[in-house]
Amino acid sequence: MAPACLVCTGPVEEFLDLGRQPLSDAFVAPGEDPSREYFFRLALGRCAACCMTQLIEVPPAERMFHQTYPYRSSSSAVMREHFARTAERLLARRRDPFVVEIGSNDGVLLGAVAARGVRHLGVDPSGDAAADAAARGVRVRVDFFTERIARDVRAEHGPADVVFSANTISHDPNVNSILRGVAALLAPGGEFVFEDPYLGSVLANTAFDQIIDEHVLFFSVRSVVAMVRRAGLELVDVERLPVHGGQIRFTAAHRGTRPVSPAVAELLAEEDDQELHDSARLAEFAARTRDRRRDLVVLLRRLRDGGARVVAYGATAKSATVANYCGLGPDLVSAVIDATPTKQGRLTPGTHIPVEPPEAFGPGKADYALMFAWNHAEEIMAKERAYSESGGRWVFYVPEVHVV
Ligand code: DWN
Ligand code: SAH
Ligand code: ZN
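Let me begin by describing the structure that accompanies this report. (Residues numbered from 1 in each chain as written. Chains lettered and ligands numbered in written order. Predicted model: local features only at pLDDT ≥ 70, side-chain atom pairs only at ≥ 80, totals over all residues. Heavy atoms only, no water.)

It is worth spelling out the sheet that holds strand S12 (residues 310-313) at this point. With mixed pairing, the six strands of this open sheet are ordered in space as S14-S13-S12-S15-S16-S17. The open sheet has two free edges, formed respectively by strand S14 (355-356) and strand S17 (402-403), since each of these has just one partner strand. (Pairing = 2+ DSSP bridges. Helix = DSSP H or I, 4+ residues; strand = E, 2+ residues; numbered from the N terminus.)

And the structure:
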């Protein structure tokens, strides 16, 4: 029997199987027993009823997000700037608002809110990241946001004028509880703004590495209209964002309280034109994904057999999918460079490639660097200009396999 949709319980039809995969942010510490790694079947399907694209199997949330969850949003200067501008926009034209963020991580957005003396609260189960946020003057409740927590927050702090969330609403299989909570927490006239990867961009770029344990739902305008409606909310605006390979910023409000921007109907029409939810379109994406694996493996084996030194750049969660799906181990990629202290000195999940700091990279230290953090390519290549200038090459697999 087809699995039940996480949003509407309709039948989910599978269209892509990426095989046995570890948790994408479960880096293995030295001395830790790697045979204790958690594996699951990473596969994607689309609900025949509401069109929500989603994982077929979802690992337990507490295994993915916990005290030592290693990702830190502030590791990218581009994202720091993006969230500083976002904070400014959320606060514009509001007097003495109360701002709640779901998935506040290290306070990259709320830091800018706190700096203006604005009342705020982050909710995030990642305790160490919340401690980093506290160092930025940000108040965080270390918890998963649910309907119950939302009611609790409202009772303690009053209603929220703005609820914001980036890269988190798409991460939770209990999304209906989150949305009911947001509806209960929002003040009349309040807005709920969330930004997440866009299904249209994933398909257009064959960005199969966006499919990871943490990315439970892949949003389109059509599926989000239906999803928020279930909680008494209405989608009132959409805006495409260039960050992280293509996202949408969705704005929702209590139903009937705000005019709906024409951008919603425009993007809905574009999705229809592009047949974004068609089985044929999804099957084509699955076929292109298999092509990328073949092309990448052929290239990396050729480089290895020719004696080239190949490393990767960016120990991204996304790279767990690429490495495990393509079978890339230390024999093909000798190290992964990453600036995040919580990842360095560890091994990549499933494939056990050592994660090393940027000091281990540079002119003469590698011949080819596989760009795992392709969504931050400009920022990283600017930082590592000396490597390119000395003849070092970069290997990409999005939107297709190529070397620059
Ligand atoms: O949604 C999610 C996004 C926002 O973050 C989460 N589910 C998990 C995570 O996904 P990711 O790990 O694929 O995200 P990033 O932002 O693509 O990760 C970039 C990695 O590259 C980080 O580990 C930091 C590193 N990096 C670096 O070493 N030097 C990044 C930049 C910009 C750099 O200059
Ligand atoms: N908002 C940041 C972080 C994204 S990573 C950014 O865009 O860069 C996802 C974050 O969401 C993690 O810090 C994780 O701990 C948190 N998270 C996951 N499920 C959550 C939930 N139900 N409620 C609140 N936070 C959650
Ligand atoms: Zn559904």
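From this point, the discussion proceeds with the structure in view.
Taken together, 24 residues lie near ligand 1, and Glu214, Lys318, Asp338, His376 and Lys383 sit nearest. Contact between ligand 1 and Tyr71: an oxygen atom at 2.9 Å from a side-chain N or O atom of the residue. Here a nitrogen atom of ligand 1 sits 2.7 Å away from a polar atom, N or O, in the side chain of His171. Considered on its own, ligand 1 offers 710 Å² of accessible surface; in the complex 97% of this is hidden by protein. Elements represented by at least two residues in the shell around ligand 1 include exactly helix H11 (317-326) and helix H12 (377-383). (Near = heavy atom within 4 Å. Polar contact = N/O pair within 3.5 Å; in protein donor to acceptor, adjacent residues only side chain to side chain. Areas by Shrake-Rupley, 256 points an atom, 1.4 Å probe, with all protein chains shown as cover.)

As a benchmark, a tetrahedral metal site with four donors has ideal angles of 109.5 degrees, while an octahedral site with six donors has ideal angles of 90 or 180 degrees. Bound to the zinc ion (ligand 3) are the protein donor atoms Cys5 (SG), Cys8 (SG), Cys47 (SG) and Cys50 (SG), situated 2.3 to 2.4 Å from the metal. In this structure, the zinc ion (ligand 3) is coordinated by four donor atoms arranged in tetrahedral fashion, with angles at the metal of 99 to 115 degrees. Along the chain, the residues that donate to the zinc ion (ligand 3) are spaced as C-x2-C-x38-C-x2-C. Residue Cys5 shares its accessibility class with Cys8, and that shared class is buried. (Donors = N, O, S within 2.8 Å, 3.2 Å for Na, K, Ca; no water. Tetrahedral: all angles 85-135°; square planar, octahedral: opposite > 155°, others 65-115°. Buried < 20%, exposed > 50% of the residue type's maximum accessible area, 1.4 Å probe, protein only.)

The subject of this paragraph is the site of ligand 2. Close contacts around ligand 2 come from 20 residues, with Ser73, Asp124, Ser126, Phe145 and Asp172 the closest. Gly103 has a polar backbone atom sitting 2.8 Å from a nitrogen atom of ligand 2. In this structure, an oxygen atom belonging to ligand 2 sits 3.0 Å away from a side-chain N or O atom of Asn105. Across the complex, the protein chains shield 98% of the 570 Å² of accessible surface that ligand 2 would expose by itself.

When you tally the buried positions in strand S4 (residues 98-102), you get five out of five residues, the bulk of the element. The alternating pattern of S4 places Phe98, Val100 and Ile102 and Val99 and Glu101 on opposite faces, both of which are buried. Note that S4 and strand S5 (residues 119-123) share five bridges and pair parallel. In the strand pairing of S5, Val99 is matched with His120.

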